[in-house]
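# Overview (structure and organization)
One-letter residues, chain by chain:
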Amino acid sequence: MEGSGSGKFSTGNSCLFMISFLMVCLGVESALTTDFYKDSCPNLTTIVRREVKKAIMTETRMAASLIRLHFHDCFVNGCDGSILLDGSDGEKFAFPNLNSARGYEVVDTIKSSVESICPGVVSCADILAIAARDSFLLSGGITWKVLLGRRDGLVANQTGANSGLPFPTDSLTTISQKFANVGLNETDVVSLSGAHTIGLARCTTFSNRLSNFSGTGSPDPTMDSEMASDLLDLCQAGDGNTTTSLDQNSTDLFDNHYFKNLLNGKGLLSSDQILYTGDEAANSTTKSLVESYSSDSGLFFSDFINSMIKMGNISPLTGKDGEIRKNCSVVNS
């Protein structure tokens, strides 16, 4: 049965009802279905969840990494598993992913386990989608039925990854346009950014905010001054690869604390804080959404799941397009 377990807490049956309703009302044409592997690999979701749970128990951060892999996959060529392909010209080596995207070995382990039971049946793209859902669930979220039936792409697109993936230093206008380019809106921008309630970021992604911000000689004025000082001490001692929690004081629990941070100038990345602070936020819907999510975790969860379903529907390969890779890192020979 598609996962019915709960994470560290649940927002109740009303939220689950709304999620089911949203799935019906998305209005996105897709050949994907929730029971795609009902006959060909009936134990698929059990296998994936088992391996995701083991990976998170080994390293809690992995939950955030697996969600991010699905995100970065879908934004380039659609949800086709192309981020998993090896090769110096692949998406793994695009600037937004280099020394940043991670969890490939976990996907390989899941794929191996699935192949041992259902050889040549389940795509790597679908494994990414299920693993992302389970990472959310096992970190404190709730479940939903993942739409399945994606096939794997035959090529990676490093150029597309460099141009299409959001950067931590992008303006809100640029981020919103990158989302719009793949059919997502400002609600999706804010709700999916809420995934930063778990995980870590390297100093190199936010150190520009800590001193001499935009040539001012001072830290970013939108960042809490005590937080900026503490982070400067942390990052000055390293080489840029030192990490800290994206959600200060609520590192491993998927909740709405991330949005409460934004209200207090404690967003770690510039791309986080600009959802709430500044002229761009004031002139968009992002500021009001941050305020709503900060006080209503049920609304955040519903919108997050809705956005994950929409994102998972970005240009999937179906039918006879693409292939079912035997090994997620290389196309079939």
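Structure's up top.
My aim in this report is to walk through the structure given alongside it, one point at a time. Numbers given for residues are sequential positions, taken from 1 along each chain in its written order. A pLDDT threshold of at least 70 governs which residues receive local features in this predicted model, and a stricter bar of 80 or more applies before side-chain atom pairs are shown or counted, although totals over entire chains, interfaces and linings include all residues. Each side-chain value is worked out from all heavy atoms of the structure, with water and hydrogens disregarded.

### A short note on the state of the cysteines
Where we set the bar: Pairs of cysteine sulfur atoms within 2.5 Å are what we label disulfides. Only runs of H or I of at least four residues qualify as helices and only runs of E of at least two qualify as strands under DSSP, and these elements are numbered from the N terminus. Throughout this description, buried means an accessible area under 20% of the type-specific maximum (1.4 Å probe, protein chains only), exposed means over 50%, and partly exposed covers the range between.
Following the criterion strictly, the structure yields 4 disulfides and no others. Each sulfur in the disulfide pair C124 and C328 lies 2.1 Å from the other. Taking the torsion about the S-S bond as the criterion, the C124 to C328 disulfide, at about -100°, is left-handed. With a gap of 204 residues between them, C124 in helix α5 (residues 124-138) and C328 in the segment after α14 (297-312) connect regions that are remote in the sequence. Across a sulfur-sulfur distance of 2.1 Å, C203 and C235 are joined as a disulfide pair. Taking the torsion about the sulfur-sulfur bond, which here is approximately -85°, the covalent link between C203 and C235 counts as left-handed. Here C203, found in the loop between β1 (200-202) and α9 (225-236), pairs with C235, found in helix α9; they are 32 residues apart in sequence, far enough to count as distant. Just as C203 is buried, C235 falls in that class too.

### Here we look at the side chain of N256
Let me state the cut-off plainly: Distance and chemistry together define a polar contact, namely a pair of N or O atoms within 3.5 Å, with one atom able to donate a hydrogen and the other to accept it when in protein, and with adjacent residues in sequence counting only for side-chain atoms on both sides. What makes two residues a contact is simply this: any of their non-hydrogen atoms within 4.5 Å.
Looking at the element boundaries, N256 is found in the loop between β2 (243-245) and α10 (257-263). Look at N256 and you get buried, because its relative accessible area is 9%. Only 3.0 Å separates the side chain of N256 from the backbone oxygen of Y293, close enough to count as a polar contact. With sequence-adjacent residues up to four places away left out, N256 is seen in contact with Y293, S294, S295, D296, S297 and F300.

### Brief notes about helix α8 (residues 186-193)
Among the 8 residues of α8, 6 are classified as buried, and the element is accordingly described as predominantly covered. Among the residues of α8, those classed as buried are D188, V189, V190, S191, L192 and S193. Sitting at the amino-terminal end of α8 is N185, which places a side-chain oxygen 3.1 Å from the backbone nitrogen of T187.

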